[in-house]
Amino acid sequence: MATNSQSVDLVDGDVVRSFARAALLAALISATAYVSIPIPISPVPFTLQVLFVCLAGLVLGPVWGSVAMILYLAAGAIGIPVFSGGNGGIGHLFGHTGGYLWSYPVAAFVIGAMVHRGRTLKDVSAVSIPVLAVSLLAGLTLIYGIGVPWLAWVLEIGLAEAVSLGAAPFIPLDLVKLAAAAAIVKSGRIDTV
């Protein structure tokens, strides 16, 4: 007796591929959070997370780059130790570095939107250096623009002191991370979704 069977695609293959890449970027940012170097003059540690926030926006675009960062935040919120220094839990999202964490999906979205100019992904290796630079600087500005006031609010300090603690020591290092993100995508070794 012969039977007919039909297969049904429940989810489009492109969506599955995009989600898998977003999950990979979330895992990479989680791994880099373990490289957490305390800065003696700051309550905020040095990590490589900004590099992967930038790569999420550049490689995955505005939507899936944001999804990658939301997956990362969700993993940390449920207690998986993916935040700086191997911390986890929802309380970390509301601690002194919470503003930086909350800014990640926004920064990835803005970077992706500026580079790809919509939902259709471009070949990032062909994007001009000025466009990359402006988009990456806009993303970094958002990270500081959300993270520093949050730091000031949680620590109950003035905004100027929060800038000196939560931004000034990191700007040179973060500019190196932006250059690294641009170099990685300009190398053509990472393709878009």
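Residues numbered from 1 in each chain as written. Predicted model: local features only at pLDDT ≥ 70, side-chain atom pairs only at ≥ 80, totals over all residues. Heavy atoms only, no water.

Caption draft 1: Local environment of the overall build of the protein. The helix and strand inventory of the protein stands at 7 helices and 0 strands. Tracing the protein from N to C terminus, the helices and strands come up as α-α-α-α-α-α-α. For the protein, the spread of C-alpha atoms along the three principal axes comes to 75 × 40 × 25 Å. Taking all 193 residues of the protein together, 43% fall into the buried category. Long-range pairs, those at least 24 residues apart, make up 70% of the contacts in the protein with a sequence separation of at least 6. (Helix = DSSP H or I, 4+ residues; strand = E, 2+ residues; numbered from the N terminus. Buried < 20%, exposed > 50% of the residue type's maximum accessible area, 1.4 Å probe, protein only. Contact = heavy atoms within 4.5 Å.)

Caption draft 2: Expanded view of the UniProt feature "transmembrane region" (unreviewed entry) in the protein. UniProt feature "transmembrane region" (unreviewed entry): in the numbering of this structure it lies at residues 20-39, 51-73, 93-115, 127-153 and 165-185. Here residues 20-39 is 65% helix and 0% strand, with 34 Å between the C-alpha atoms at its ends. (UniProt positions renumbered as here; feature names shortened; annotations may be inferred.)

Caption draft 3: Inspection of the packing of helix α4 (residues 98-116) against helix α5 (residues 129-155) at higher detail. Between α4 and α5, the least distance of the axes is 8 Å, while the angle of their chain directions is 160 degrees. Between α4 and α5, the crossing angle belongs to the class labelled roughly antiparallel. Classified by chirality, the crossing of α5 by α4 is right-handed. For the contact of α4 with α5, the class distribution of residues is 21 nonpolar, 6 polar and no charged. (Axes fitted to C-alpha atoms, helices over the stretch in contact; angles between N-to-C directions. Parallel < 35°, antiparallel > 145°, perpendicular 65-115°, else oblique. Left-handed = near helix turned anticlockwise from the far one by under 90°. Nonpolar A, V, L, I, M, F, W, Y, C, P; charged D, E, K, R; others polar.)

Caption draft 4: Fine view of the packing of aromatic side chains. With the rule as written, the count across this model stands at 6 aromatic pairs. A centroid spacing of 5.9 Å and a plane angle of 55 degrees characterise the contact between F94 and W102, whose relative ring orientation is tilted. Linked through ring pairs, F94, W102, W150 and W153 together constitute an aromatic cluster. (Phe/Tyr/Trp six-rings, centres within 6.5 Å; stacked < 30°, edge-to-face > 60°.)

Caption draft 5: Summary view of the packing of helix α2 (residues 49-77) against α4. Where α2 contacts α4, the two axes come as close as 7 Å, and the packing angle between them is 115 degrees. When you trace α2 past α4, the crossing you get is left-handed. Residues of the contact of α2 with α4, tallied by class, amount to 20 nonpolar, 7 polar and no charged.

Caption draft 6: The environment of V110, seen in detail. With respect to the helices and strands, the residue V110 is situated in helix α4. The class for V110 is partly exposed, based on a relative accessible area of 21%. C-alpha of V110 to C-alpha of C54: the two residues are 56 residues apart in sequence and 9.7 Å apart in space. The residues contacting V110, other than those within four sequence positions of it, are A138 and L142.

Caption draft 7: Here's a closer look at helix α6 (residues 159-166). Of the positions making up α6, those classed as buried are A162, L165 and G166. Take α6 and look down its axis: the buried residues cluster within an arc of 75 degrees, on one side only. In the core, the buried residues of α6 are packed alongside α4 and α5. (Arc of directions from axis to C-beta.)

Caption draft 8: Spotlight on the confidence of the model for the protein. In this model, the protein carries an average pLDDT of 91, and 93% of its residues clear a pLDDT of 70 or more. The spread of mean pLDDT over the elements of the protein runs between helix α1 (residues 13-32), the lowest at 91, and α5, the highest at 97. (pLDDT = per-residue confidence, 0-100.)

Caption draft 9: Region of interest: the pattern of salt bridges. Tallied over the entire structure, the rule returns 1 salt bridge. K177 is the partner of D174 in a salt bridge, and the nearest nitrogen-oxygen pair spans 2.8 Å. Of this pair, D174 and K177 both sit in helix α7 (residues 171-186), 3 residues apart, which is roughly one turn of the helix. Since its relative accessible area comes to 7%, K177 is described here as buried. (Salt bridge = Lys/Arg side-chain N within 4 Å of Asp/Glu carboxyl O.)

Caption draft 10: Up close: the side chain of D174. For D174, a relative accessible area of 4% gives the class buried. At 2.5 Å, the side chain of D174 forms a polar contact with the side chain of Y144. When neighbours within four sequence positions are excluded, D174 is seen to be in contact with V50, L140 and Y144. (Polar contact = N/O pair within 3.5 Å; in protein donor to acceptor, adjacent residues only side chain to side chain.)

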